[in-house]
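This is what each chain is made of:
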Amino acid sequence: QSYLRGLQSVEGKLQSFISVNAEDALAQAEAVDRRLAQGEVLPLAGVPIAIKDNLCTQGQPTTAGSRQLEGYTPPYDATAVARLRAAGAVLLGKTNMDEFGMGSSCENSGFQPTFNPWDTERVPGGSSGGSASAVAANQVVAALGSDTGGSIRQPASFCGVVGVKPTYGRVSRNGLIAYASSLDCIGPMAQSVADAAALLSVIAGPDGADSTCSQRPGEDFAAGLLPAEALTSTPLAGRRLAVIRETSGEGVDAGVAAALDSTIAHLQGLGAEVEEVSLPSFAFGLPAYYVIALSEASSNLSRYDGVRYGRRAQAEELRSMYGQTRHEGLGSEVARRILMGTYALSAGYYDAYYKRAQQVRTLIQREMNAALSKYDALLCPAAPTPAYRLGEKSADPLAMYKGDLMTVNLNLAGLPAVCLPCGFADQAGGAKLPVGVQLIGRAFGEADLLQLAHTLE
Ligand code: GLN
């Protein structure tokens, strides 16, 4: 009740949520009480959480931020959601997002913008902006987001919270409304590394309902974190990290660069060796990402034809029903992406775009894995700038896409990363905006990565 009151008291200012179901949340909490009374051990008993609205929740509306799915109520829970419920978490609501995950500012939501709790004239980032703002404003203790090309890490950075993008396949995608299936990952957003680790422990692990989910058994990431008193004054002695050279220089905000420098100094102070590594193909990740993600999206989104899910327009005959439904239900950015993806996959263009992008993806994978065979983790900002003003980039899709430069490569490579608040960038007028740093680890190296992030906290 206390969290619901707090959530509602700032919701008018932030608009983090697409739906809140207070009655259902209280019923869930009572059910948790009964389970505890029966002696069940629940690792997340009563923890108030939020779920990004592209994760299916049984009996609760799920829109993926799209008018196309307005009124759609899934008959089942996504695996990650079901696991959180089983662990005793209480779901307070579904958070706002860019439509189908397509965007970096939450301005592409079919319903409403979300505002950054640090400065409500600014965006919370995206696409998991609703989850980030809800966690930053303590509307909930933690939330789930999804990350196809940065959608957990960039909003975490803009809102000053912790975001974890797990290794591809670490968390089942069953029940996640698909954007780009070879890139989509579900992960936690939280107020501390320990909280994020607690959520990840619950949602990770094999799932028969997703054939791309890894067979690796789940781990207790939270129990693995060393408490502060167990650490020496140089707990990172012998650890080697490297800053990705291609993420510095032109286009990087001075406040972001300064926050990264102070993180490097902090790491060195804790005994780590920090070098620089060059990933020559890094800059090609952005165009490769947008070709691959949009190609997959054009295929995934063909299911919204008015026949099977959500909205159906009234029309005289079938083809105009398809057209009218999509015209009414899908926003202009989604339409743009379906068109670009369809184009890239068309006969005659396939080799020039899609195949080329897959070759770049392989190069990036090789370069990143080679670097990670030498270093324990790679380091870079989560975004080139802190949170920008609403409307600043919404008229220029390319400017918006360019903001994803720092995040998309590791989705192409399938690698895990933790985004951690690392300082503030001063703004003209005296405002301070949070900046996040990404620690990028080896595939399935989440335990080590979380310990590293926890040491820095
Ligand atoms: N901003 C990127 C895009 O628009 C990433 C989004 C995401 O990770 N869902 O595609």
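Residues numbered from 1 in each chain as written. Predicted model: local features only at pLDDT ≥ 70, side-chain atom pairs only at ≥ 80, totals over all residues.

(A) Region of the structure containing the site of the ligand. Taken together, 13 residues surround the ligand, and among them Gly-101, Ser-104, Thr-148, Gly-149 and Ser-151 come closest. Tallied by class, the residues present in the shell around the ligand amount to 3 nonpolar, 8 polar and 2 charged. (Near = placed C-beta within 6 Å. Nonpolar A, V, L, I, M, F, W, Y, C, P; charged D, E, K, R; others polar.)

(B) Region of interest: the pairing of strand 5 (residues 162–165). Burial along strand 5 is two-sided: the face carrying Val-162 and Val-164 and the face carrying Gly-163 and Lys-165 are both buried. Pairing of strand 5 with strand 6 (residues 185–190) involves 2 bridges; the strand directions are antiparallel. The residue bridging Gly-163 from the neighbouring strand is Met-189, located in strand 6. Note that strand 5 and strand 10 (residues 417–426) share 3 bridges and pair antiparallel. Paired with Lys-165 across the bridge in strand 10 is Ala-417. (Buried ≥ 20, exposed ≤ 12 C-beta atoms within 10 Å, placed from the backbone. Helix = DSSP H or I, 4+ residues; strand = E, 2+ residues; numbered from the N terminus. Pairing = 2+ DSSP bridges.)

(C) Examining the packing of helix 8 (residues 285–300) against helix 10 (residues 332–345) more closely. Where helix 8 contacts helix 10, the axes come no closer than 7 Å and their chain directions differ by 100°. Comparing their axes, helix 10 and helix 8 come out roughly perpendicular. Packed against helix 8, whose contacting residues are Val-291, Leu-294, Ser-295, Ala-297 and Ser-298, the element helix 10 presents Arg-337, Ile-338, Met-340, Gly-341, Thr-342, Ala-344 and Leu-345 at the interface. Here the contact of helix 8 with helix 10 is built from residues that sort into 7 nonpolar, 4 polar and 1 charged. (Axes fitted to C-alpha atoms, helices over the stretch in contact; angles between N-to-C directions. Parallel < 35°, antiparallel > 145°, perpendicular 65-115°, else oblique. Contact = placed C-beta atoms within 7 Å.)

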